[in-house]
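Notes for the structure review
So the chains spell out like this:
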Amino acid sequence: MRNLIQFLKKFRDFLIFFVLQVFVLTLFFNSKNYHRSKMTNTSSNLIGWFVEKKHNINKHFSLSEANEKLLEDNARLRAQLPESFYQLQGDTYYVNDTLKKEQFQYIPATVINSSSTKRNNYFTLNKGTAQGIEIGMGVIADDGVIGIVADVSDHYSIVMTVLTEKSSTNVKLLKNNEYWFLSWDGLDNRFAQINDVKRDIPIEIGDHVVTRGGGTQFPEGIAVGTIDEIIANDGEQTIGLNIKLDVNYNAVYHVYVVKNMMRDEQLNLERRFTGDE
Amino acid sequence: MKDASLEMNNAWVKYGSYFILIVLIQGLVVNNIEMSMYVNPMIYPVMIMMLPFEFNILLTMLVAFVLGISVDAFSNTFGLNASAAMVIGYLRPTILNIIKPRDGYDPSLLPSIQDMGKLWFLTYASVLLFIHHIWFFIIEILRFDQIGHILLKTIFSLVLSLFLIVIFQYIFYKPSKK
């Protein structure tokens, strides 16, 4: 009788353990798709507050490096201003451009918390819905693609970076527009991977890979990286590529959230066309 | 009677403040130690390790669950830390039983390095940390072709976690009696 009670107690403990495990593991595996993550994270107001306090202490240690990066970017942009071009023709016409319409706006934000050596790496930004950020928007830095906004509160948001398990960014080869998905195997945060590349495409080491555009998240042609290694296994139909990423994820201080002005239009159209059954 | 209830309250305050302290240290300091892809140190298991010897298994799991969820909120891991913490919460009584000294545990002592000695504590902490870390990285990575990576990550992280936990004990815990 005592043994039986002992056994029932053990069994009850295990049952509780098992139920709780199923609960948290379900949360964890669901979180890999950004639109299904339903748990408190660093974008919540309370945790975000702590993280921002920490950032306010830490930021002084990286100020000079962050400033240098901004300076470089300013110089590059300044070179594109009309004033920095020498006028070759005397009479040019000013055309109010009605052929082009602004599609992308950029919301600047500061990274207040980040990880880059975990299996799934997230950045916390100091802007949220109050500044117009929504789940699913793309995020870029000066030197390339960062990721996609996964969750957002009033004043904070978290970004699921390229360095996560389920991230798949639409990328293409700059020179001939071949396109693939970029993924990450979790082994080295300087390299991402492209799998299932057809063998007959002319690819060389050093070729540039950029975003494809066409989705709603990124404009076309944002830098991603360069081809570093071509992995061709005998007997396989396709080859794999190792991409050296342009962004150093260990040192990202300022980013831009991409606001696509035509996002709803595109999504509505696509939904109407494919979803109305 | 009055003394007992006062002691009870003291214990709540003590463990409550350890809990908050440990979550904040993990979330705001240790999470930012990013030396390499192979090192992901974790200090918060010390909270589970330091519970009294006779602490009820269900309460241990409850502490582990709340602790894990809090750390998850700081680390964007969505339940992964809770899962690993509950594994060692569930297994802790068994492990304490296996490494029991010949004359059992003195209930007035705590499972700390000061009370139980270096050898005993390092054995206890390494076993719990190994189970915690290997569970954590297996669930996190979940790829059989990266089993070597999982093992290396477990071992390197364990060394640093153990180091941090020992330092933490020397800073924040005093010997129970002298």
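Residues numbered from 1 in each chain as written. Chains lettered and ligands numbered in written order. Predicted model: local features only at pLDDT ≥ 70, side-chain atom pairs only at ≥ 80, totals over all residues.

This next bit is on the overall build of chain A. Secondary structure summary: chain A contains three helices and twelve strands in total. The C-alpha atoms of chain A give 23 Å as radius of gyration, which overshoots the globular expectation for 277 residues (19 Å, by more than 25%). Dimensions of chain A, computed from C-alpha atoms along their principal axes, come out at roughly 105 × 55 × 50 Å. Per-residue burial over chain A gives 31% buried out of 277 residues. (Helix = DSSP H or I, 4+ residues; strand = E, 2+ residues; numbered from the N terminus. Rg over C-alpha atoms; globule rule 2.2 N^0.38 Å. Buried ≥ 20, exposed ≤ 12 C-beta atoms within 10 Å, placed from the backbone.)

This part takes up the sheet that holds strand S4 (residues 144-152) of chain A. Residue and element names in this part refer to chain A. What the six strands build is a closed barrel, ordered S1-S2-S5-S4-S3-S12; its pairing is antiparallel. Each strand axis lies, on average, 45° off the axis of its neighbour in the sheet, ignoring direction. Of the pairings in the sheet, the one linking strand S1 (residues 104-114) to strand S2 (residues 122-125) comprises three bridges and is antiparallel in character. The residue of S2 that forms the bridge with Ser114 is Phe123. Running at roughly 110° to S1, helix H2 (residues 45-78) makes contact with S1, S2 and strand S12 (254-260) of the sheet. (Pairing = 2+ DSSP bridges. Axes fitted to C-alpha atoms, helices over the stretch in contact; angles between N-to-C directions. Contact = placed C-beta atoms within 7 Å.)

In globular proteins that are soluble, nonpolar side chains generally tend to be buried together. If you look at the biggest cluster of nonpolar residues, it comprises 92 residues, and the most contacted ones within it are Val139, Ile146 and Val159 of chain A together with Met86 of chain B. Broken down by element, this core gets its largest block of residues, nine residues, from helix H3 (residues 57-75) of chain B. Sequence-distant contacts of Ile146 of chain A, defined by excluding residues within four places in its chain, comprise Phe123, Val139, Ile140, Ala141, Val159, Thr161, Val247, Val252 and Val255 of chain A. (Core = buried A, V, L, I, M, F, W, Y, C linked by C-beta atoms within 7 Å.)

Listed by partner, the interface residues are 30 residues for chain A and 24 residues for chain B. Going through the elements one at a time, helix H1 (2-30) and H2 of chain A are the ones with two or more residues in the side of chain A that touches chain B. Considering each element in turn, the side of chain A that touches chain B owes the most residues, nine residues, to H1 of chain A. A class-by-class count of the residues in the side of chain A that touches chain B yields 13 nonpolar, twelve polar and five charged. (Nonpolar A, V, L, I, M, F, W, Y, C, P; charged D, E, K, R; others polar.)

On to the pairing of strand S3 (residues 138-141) of chain A. All names here are of chain A. Covered by surrounding structure in S3 are Gly138 and Ile140 together with Val139 and Ala141, the residues of both alternating faces. The pairing of S3 with S4 spans four bridges and is classified as antiparallel. Residue pairing for S4: Ala141 is matched across the bridge by Gly144. Counted along the chain from S3 to the antiparallel partner S4, the turn is two residues long. Pairing of S3 with S12, which is carried by three bridges, proceeds in the antiparallel orientation. Counterpart to Val139 in the pairing with S12 is Val257.

Okay, H1 of chain A next. Each α-helix winds once per 3.6 residues, and so residues spaced three or four apart point in a common direction. Under the 1.5 Å per step criterion, the end-to-end length of H1 of chain A is 42 Å for 29 residues, consistent within 8% with the ideal 42 Å. Turning to H1 of chain A, its buried residues are Phe17, Leu20, Val24, Leu27 and Phe28 of chain A. (Expected span 1.5 Å × (residues − 1).)

Moving on, we get to the pairing of strand S5 (residues 157-161) of chain A. Residues and elements named next belong to chain A. Counting buried positions over the five residues of S5 gives five, a clear majority of the element. Here S5 shows a buried face lined by Ser157, Val159 and Thr161 and a second buried face lined by Ile158 and Met160. Alignment of S2 against S5, held across four bridges, turns out to be antiparallel. Residue pairing across strands places Tyr122 opposite Met160, the latter belonging to S5. Linking S4 to S5, which pair antiparallel, is a turn of four residues.

Here we come to the packing of H3 of chain B against helix H4 (residues 80-98) of chain B. Residue and element names in this part refer to chain B. At a minimum axis distance of 7 Å, the contact between H3 and H4 shows a crossing angle of 160°. In terms of orientation, H3 and H4 fall into the roughly antiparallel class. H4 is crossed by H3, and the crossing has right-handed handedness. Taking contact as the criterion, the partners of Ile57, Thr60, Met61, Val63, Ala64, Phe65, Leu67, Gly68, Ile69, Val71, Asp72 and Ser75 in H3 are, on H4, Leu80, Asn81, Ala82, Ser83, Ala84, Ala85, Met86, Ile88, Gly89, Tyr90, Arg92 and Pro93. For the contact of H3 with H4, the residue count by class is 16 nonpolar, six polar and two charged. (Parallel < 35°, antiparallel > 145°, perpendicular 65-115°, else oblique. Left-handed = near helix turned anticlockwise from the far one by under 90°.)

What follows concerns unusual backbone geometry. Residue and element names in this part refer to chain A. Even without being a glycine, Asn177 presents a positive backbone phi close to 65°. Tracing the chain through its elements places Asn177 in the loop between strand S6 (169-173) and strand S7 (179-182). Look at Asn177 and you get exposed, because 10 C-beta atoms sit within 10 Å. The phi dihedral of Asp196 is positive, around 55°, even though this residue is not glycine. Residue placement: Asp196 occurs in strand S8 (residues 191-198).

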